[in-house]
Amino acid sequence: SFVGTPSKKIKLNDSSMSSSLEELDLKSLNKFSRQNAALGAETTAKLIKMKVLIVGLRGVGMETAKNLALQGAGAMTLIDTAVVVAKDVGVNFFLRESDIGRVRSEVVAPRLRELNPLCTVAIASALNDTVILNHSAIVITSALPLSELIEINEVCRKHSIPFFYAFTGGVCVNIFVDHGSNHVIHDPDGEKPIQKLISDITPLNSEECLVRYETPEGQIAMAINGGSFEISEVVGIESINNKIYPISHDYKEPVKTVRIPFRYSTELGHQYRFGGVMTEKKVPISYPMKSLAELLKNPGQLVSTDLLTFSEYQQHLAFFATLKFAESNKNKLPAANSKQEAAAVVQIAKDLLASKLVDVEGLEVDDAFVQKYALHAAVELQAMAAFVGGVLAQEVVKVTGKFTPIPGFFHFAAMEALPDEEEGTEVKDVAPRDSPQDELAAVYGWQFVQQLGDLRYFMVGCGALGCEFMKNFALNGVCCGPEGKLFVTDADRIELSNLTRQFLFREHNVGQPKSRAAAAMAQQMNPKFNVEAMELFVGAKSEDVFNDDFWGRLSGVCNALDNMEARIYVDTQCVKYEKSLLE
């Protein structure tokens, strides 16, 4: 076992899942209509059968659970026995200051159920083999000891259970994905099948021929370098038709050509005359993945997220060193803003390289980067949690075989978002005040938090993006000060299909104005949130309301729009009144 003893609260079984499936009536199909258009009904059906275990319910864990519930996950089990403290309220949108002192999982479970009544939400008090084997995917967002993470990953690999781990500290993000050694991808990109028109076929050797192609009129011209394609309608080589071939392209060969494994022979009567269509076929692809233990030592080719300093491998080293620090300090991460403990992490990073526990050719420790990473490793910023929760939930969706997974580790750092380091500008007022904004202040200082509170912002649109923005504003204390205010306008009303993307809305809100329903929910998250909701279009016809005085008193504007006409108008107004625009 890993943590504690088995829980008696788990109530997941096939009957509860089948009852959920039976409830997929026309109303439910309408609710997921837009998702089905993007992902396909087959993927949604697989999600409905999925049982996901989520360990850790601060910012990242709750964002991941929310996104999975909205996308139709059939069942989730939540594990987090820690009690709510003030700083949790600033990163977890389901927690209130009145919840302080209560167990996190017990507080959020009933509120998560409201997002999707078809999703069975259970609570477990411990993480062990029995719990793990009862699920189809495991998501860990709490800082478990490294040895336990490796052990859990091995259990998951043994039983072909996808394993996901996320760690966020300050402005840095680390995600690990392992679908096991037997993962199969059914659709690597989710795009419509590519079609090409064949213009010529010539022999290359006794086993292959070269196919020249053109792009059909009206389609984007793009080269193809791999995949499987069916060939049809070729005149002169009828035996090549109605078969699927793996294609390849060598950079030395002419553009708009591919090789296929077909024996072209005039002795067999082959003589290309004209015609032919190549149609992409999405055939299952084996995609074996490596274990956490193996990729910690050498992560292989990492996803590029930093094209300026190429810091991904440096961040990998800093992440590993931070977990090793915690392992030798009773699972405590380096204290926020402790230069002494950050220096200890730097030394551990050097030891990891010297001992070959991290074995990446040419990698040397960047002391400054690792120190920056360690200074805020114990800080979970809400904005980063929202980002990570989106990425992590999308990776869980890929359990279905839709899309290509992250190949192991994903490291992302927004070091440019840290305060200026010039001499005399260091952030000093960072001590916690038992406040929901403690962690934001740990990085940016309390003066910055106060400045956010006194902003006067205008948000145009309150759909899927707008709900997320409003939630982020409320949790970070934006427009929550004595001088602050958020003006939000959206003329639309809530439809049933909105509920799978716009999480501030519930079924009882259907038919209500989006801006007013979202504002009411956001104010539950933070009663200090000053928001004025309107139902007006933004344009020339509403300039009697959005007049010179209105624009002149704003700190800035945030667009959450889905049409270009309104975007261009808002952009024009921002230029006119010299206001910043977040788009």
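In this report, the structure presented in the accompanying data block is examined.

Thresholds applied
- In this convention, every chain numbers its residues from 1, walking through the sequence in written order.
- Since the coordinates come from a predicted model, pLDDT governs what is reported: local features require at least 70, and pairs of side-chain atoms require 80 or more to be given and counted, while whole-chain, interface and lining totals use all residues.
- Water and hydrogen atoms were dropped before computing side-chain values, which therefore reflect all heavy atoms in the structure.
- Remark: nonpolar core denotes a set of buried residues (Ala, Val, Leu, Ile, Met, Phe, Trp, Tyr, Cys) joined through side-chain atoms within 4.5 Å.
- The buried label goes to any residue with under 20% of its type's maximum accessible area, the exposed label to any with over 50%, and the partly exposed label to all in between, with areas taken from a 1.4 Å probe on protein chains only.
- Only DSSP runs of H or I reaching four residues or more are called helices, and only runs of E reaching two or more are called strands; each is numbered from the N terminus.
- Only heavy atoms enter the contact rule, under which two residues are in contact if any of them lie within 4.5 Å.
- By convention, a stacked pair of Phe, Tyr or Trp rings (six-membered ring in the case of Trp) has centres within 6.5 Å and planes under 30 degrees apart, an edge-to-face pair has planes over 60 apart, and any other such pair is tilted.
- Criterion for a salt bridge: a side-chain nitrogen of Lys or Arg within 4 Å of a carboxyl oxygen of Asp or Glu.
- Patches here: salt-bridge-free residues with over 30% relative accessible area, like charges joined within 9 Å, nonpolar side chains (Val, Leu, Ile, Met, Phe, Trp, Tyr) joined within 5 Å.
- Shrake-Rupley sampling with a 1.4 Å probe provides the accessible areas, and residues are treated as covered by the protein chains on show and by no other component.
- N or O atoms within 3.5 Å of each other form a polar contact, as long as, within protein, one can give a hydrogen and the other can take it, and as long as residues adjacent in sequence are counted only when both atoms are side-chain atoms.
- By definition, two strands form a pair when at least two bridges between them are found by DSSP.
- A fitted line through C-alpha atoms represents every axis, and for helices the fit uses only the stretch in contact; the resulting angles, taken between N-to-C directions, go from 0 to 180 degrees.
- We score Asp and Glu as negative and Lys and Arg as positive, and we do not count His or the chain ends.
- Where a charge sits is defined by one atom per residue type, namely NZ (Lys), CZ (Arg), CG (Asp) or CD (Glu).
- A pocket, in this scheme, is an open set of points on a 1 Å grid over the protein atoms alone with protein on both sides within 12 Å along at least 5 of 7 lines, while a cavity is a set where a 1.4 Å probe fits but cannot get out; residues line either one if an atom lies within 4 Å of a point.
- Grid points are joined across faces, edges and corners, and a volume is the space filled by probe spheres set on the points.
- For this classification, the nonpolar set comprises Ala, Val, Leu, Ile, Met, Phe, Trp, Tyr, Cys and Pro, the charged set comprises Asp, Glu, Lys and Arg, and every other residue, Gly included, is treated as polar.
- Throughout, the term roughly parallel applies to angles under 35 degrees, roughly antiparallel to angles over 145, roughly perpendicular to angles from 65 to 115, and oblique to all others.
- Left-handed describes a crossing whose near helix is turned anticlockwise from the far helix through less than a right angle; right-handed describes the clockwise counterpart.

**Observations regarding the nonpolar core**
Nonpolar side chains in soluble globular proteins generally cluster together in the buried interior.
Right, on to step 1. In terms of nonpolar packing, the biggest core is built from 141 residues, with Leu112, Met470 and Phe529 touching the most fellow members.
Right, on to step 2. Among the elements that make up this core, the one with the highest residue count is helix H13 (residues 382–397) (eight residues).
Right, on to step 3. Setting aside chain neighbours within four positions, we find Met470 in contact with Met459, Cys462, Leu486, Val488, Leu504, Ala518, Ala519, Ala522 and Phe529.
Right, on to step 4. By size, the runner-up hydrophobic cluster in this structure holds 19 residues, among which are Ile198, Ile201, Ile231 and Val258.

**As for the packing of aromatic side chains**
Right, on to step 1. Per the stated rule, a full pass over the model turns up 18 aromatic pairs.
Right, on to step 2. Between Phe550 and Trp551, the ring centres sit 6.1 Å apart and the planes meet at 85°, which makes this aromatic pair edge-to-face. Across the pair, Trp551 and Phe550 agree in class, each one buried.
Right, on to step 3. Taken together through their ring pairs, the aromatic side chains of Phe163, Tyr165, Phe167, Phe176, Phe319 and Phe409 make up a single cluster.

**Regarding the pattern of salt bridges**
Right, on to step 1. What the rule picks out here adds up to 31 salt bridges.
Right, on to step 2. Note that Glu63 is salt-bridged to Lys471, the shortest N-O span being 2.6 Å. Placement of the pair is Glu63 in helix H5 (residues 59–70) and Lys471 in helix H16 (residues 464–475), with a sequence separation of 408 residues. Across the pair, exposure class does not vary: Glu63 and Lys471 are buried alike.
Right, on to step 3. With a closest N to O distance of 2.7 Å, Asp189 and Lys282 form a salt bridge.

**Structural notes on a nonpolar patch on the surface**
Right, on to step 1. On the surface, Ile244, Val283 and Ile285 cluster together to form a nonpolar patch covering roughly 220 Å² of accessible area.
Right, on to step 2. Its location among the elements puts Ile244 in strand S11 (residues 243–246).

**Some thoughts on the side chain of Asn559**
Right, on to step 1. Among the structural elements, Asn559 can be located in strand S19 (residues 556–559).
Right, on to step 2. Within the structure, Asn559 has its side chain in polar contact with the side chain of Glu583 (distance 2.9 Å).

**Points about the sheet that holds strand S8 (residues 195–203)**
Right, on to step 1. An order of S11-S10-S13-S8-S9-S12 is seen for the six strands of this open sheet, with the pairing classed as antiparallel. Every interior strand has two partners, whereas the edge strands, S11 and strand S12 (257–260), have only one. The mean inter-strand angle of the sheet, taken between neighbouring strand axes irrespective of direction, is 40°.
Right, on to step 2. Note: S8 against strand S13 (residues 277–280), three bridges, orientation antiparallel. Counterpart to Gln195 in the pairing with S13 is Thr279.

**Quick notes on unusual backbone geometry**
Right, on to step 1. Positive phi values are uncommon outside glycine, yet Asn331 reaches one of about 60°.
Right, on to step 2. Tracing the sequence through the fold places Asn331 in the loop between helix H10 (312–327) and helix H11 (339–354).
Right, on to step 3. Asn331 sits in the partly exposed class, given a relative accessible area of 30%.
Right, on to step 4. The phi torsion at Glu578 lies on the positive side, around 55°, for a residue other than glycine.
Right, on to step 5. Within the element layout of this structure, Glu578 appears in the loop between helix H19 (564–577) and strand S20 (580–582).
Right, on to step 6. A relative accessible area of 73% places Glu578 in the exposed class.

**What to know about the sheet that holds strand S1 (residues 51–55)**
By way of backbone hydrogen bonds, the strands of a sheet pair with one another, either parallel or antiparallel.
Right, on to step 1. Taking strand neighbours across the sheet as the criterion, the seven strands line up as S3-S2-S1-S4-S5-S6-S15 in an open arrangement whose pairing is mixed. Unpaired on one side and paired on the other, strand S3 (120–123) and strand S15 (409–413) mark the two borders of the sheet. On average, each strand axis in the sheet is inclined to that of its neighbour by 15°, with strand direction left out of account.
Right, on to step 2. Pairing of strand S2 (residues 75–79) with S3 involves four bridges; the strand directions are parallel. In the strand pairing of S3, Met76 is matched with Val121.
Right, on to step 3. Where helix H6 (residues 104–115) meets the sheet, it contacts S2 and S3, and its direction lies at approximately 175° from that of S3.

**Quick look at a negative patch on the surface**
Right, on to step 1. On the surface, a cluster of negative charge is made up of Glu543, Asp544, Asp548 and Asp549.
Right, on to step 2. Glu543 sits in the partly exposed class, given a relative accessible area of 37%.

**Overview of the pairing of S13**
Right, on to step 1. Taking every second residue as pointing to the same face, both faces of S13 are buried, with Val277 and Thr279 on one and Met278 and Glu280 on the other.
Right, on to step 2. Inspection of the sheet shows strand S10 (residues 228–232) paired to S13 by four bridges, in the antiparallel sense. The residue bridging Glu230 from the neighbouring strand is Thr279, located in S13.

**Comments concerning the layout of surface pockets**
Over the atoms rolls a probe the size of a water molecule, and in doing so it shows where empty space is left.
Right, on to step 1. Quantified by volume, the largest pocket comes out at close to 780 Å³.
Right, on to step 2. The wall of the largest pocket is formed by 34 residues, among which Arg58, Arg104, Thr141, Ser142 and Ala143 lie closest to the centre.
Right, on to step 3. Secondary-structure elements contributing two or more residues to the lining of the largest pocket are H5 and strand S5 (163–169).
Right, on to step 4. Here the lining of the largest pocket is built from residues that sort into 18 nonpolar, nine polar and seven charged.

**Quick word on the packing of H16 against helix H17 (residues 514–525)**
Right, on to step 1. Between H16 and H17, the shortest axis-to-axis distance is 9 Å and the interhelical angle comes to 30°. If you check the angle between H16 and H17, you find them roughly parallel. Seen along the crossing, H16 lies across H17 with a hand that is right-handed. Within the contact between the two elements, H16 uses Met470, Lys471, Ala474 and Leu475 and H17 uses Ala518, Ala519, Ala522 and Met525.
Right, on to step 2. Considering only residue class, the contact of H16 with H17 consists of seven nonpolar, no polar and one charged.

**Some words on the environment of Ala378**
Right, on to step 1. Positionally, Ala378 belongs in the loop between helix H12 (367–375) and H13.
Right, on to step 2. C-alpha of Ala378 to C-alpha of Ala336: the two residues are 42 residues apart in sequence and 5.9 Å apart in space.
Right, on to step 3. Contacts of Ala378, omitting those with residues within four sequence positions, involve Leu333, Pro334 and Glu439.

**Describing the environment of Ala560**
Right, on to step 1. Counting through the fold element by element, Ala560 comes out in the loop between S19 and H19.
Right, on to step 2. In this structure Ala560 comes out as buried when scored by relative accessible area, which is 10%.
Right, on to step 3. Considering only alpha carbons, one finds Ala560 and Val184, 376 residues apart in sequence, at a separation of 36 Å.
Right, on to step 4. What Ala560 contacts, discounting residues up to four positions off in sequence, is Val460, Gly461, Cys462, Leu465, Gly466 and Phe469.

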